[in-house]
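Spelled out, the chains give:
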Amino acid sequence: QKEVEQNSGPLSVPEGAIASLNCTYSDRGSQSFFWYRQYSGKSPELIMFIYSNGDKEDGRFTAQLNKASQYVSLLIRDSQPSDSATYLCAVAPRAGTALIFGKGTTLSVSS
Amino acid sequence: GAGVSQSPRYKVAKRGQDVALRCDPISGHVSLFWYQQALGQGPEFLTYFQNEAQLDKSGLPSDRFFAERPEGSVSTLKIQRTQQEDSAVYLCASSLAGTGSSSPLHFGNGTRLTVT
């Protein structure tokens, strides 16, 4: 079992809708959780990070973390065509270890 | 520079050749990471430096892969006797602090290696 699992998609949503991206992780001791966005042919760029159970909001983006269920999600409200990209979930298992990335979920927002 | 700089952007190597990929991290960033990203996959961890010390090289796929960061700044990833399965984008990232912390990774644009 891969340590960080994501549905590869594609996830297709119409413009203005809410996109929901999900990620599960296997190491219960994981401490930090990150969402990166990667446009085709470009490098990953950080969108949000979250450490505590619950929700964290930043503009149109909300990250949700449930450590008991080992589940982290990213909600994108009012989706725009420019949000079309691959979204990578990354987990820092423990202090002193590098980020582990999921395979990524491809999001397509149609206008 | 303002960001992580990698060179070359593209590299084509014949099978069996040695290649060297360079990464220049953000000034002052303590940690430096190398990842390998195959087409349609997420980045896979290769190795990690804190200053000049290589703290984790568990992700290096074989002894043909070697990385160094001798002065705690610029890093080089070397691949000896390249094979077709080495074809991928090699991403370098740096962060201000160590791993498992609030310090996010900043990625370079990557080096796309194609082995023919």
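Residues numbered from 1 in each chain as written. Chains lettered and ligands numbered in written order. Predicted model: local features only at pLDDT ≥ 70, side-chain atom pairs only at ≥ 80, totals over all residues. Heavy atoms only, no water.

Colleague: Can you break down the sheet that holds strand β1 (residues 5–7) of chain B residue by residue, with the values?
Modeller: Residues and elements named next belong to chain B. Judged by pairing direction, the sheet is antiparallel, and its 4 strands sit side by side in the order β1-β3-β8-β7 without closing on themselves. Of all the strands in the sheet, just β1 and β7 (65–68) have a single pairing partner and so form its edges. Between one strand axis and the next, the sheet turns through 15° on average, direction left out of account. Where β1 lies against strand β3 (residues 19–24), 3 bridges are found, and the strand directions are antiparallel. What sits directly across from Gln-6, in β3, is Cys-23. (Pairing = 2+ DSSP bridges. Helix = DSSP H or I, 4+ residues; strand = E, 2+ residues; numbered from the N terminus. Axes fitted to C-alpha atoms, helices over the stretch in contact; angles between N-to-C directions.)

Colleague: Please set out unusual backbone geometry residue by residue, giving values where relevant.
Modeller: Note that the residue after Gly-9 of chain A, namely Pro-10 of chain A, is joined by a cis bond; omega there is 10°. Its location among the elements puts Pro-10 of chain A in the loop between β1 (4–5) and β2 (11–14). Note that the residue after Ser-7 of chain B, namely Pro-8 of chain B, is joined by a cis bond; omega there is -10°. One can find Pro-8 of chain B in the loop between β1 and β2 (10–13). Although it is not a glycine, Asn-51 of chain B sits at a positive phi angle of roughly 55°. The backbone phi angle of Arg-81 of chain B is positive, close to 50°, even though this residue is not glycine. Secondary-structure assignment places Arg-81 of chain B in the loop between β8 (75–79) and β9 (88–95).

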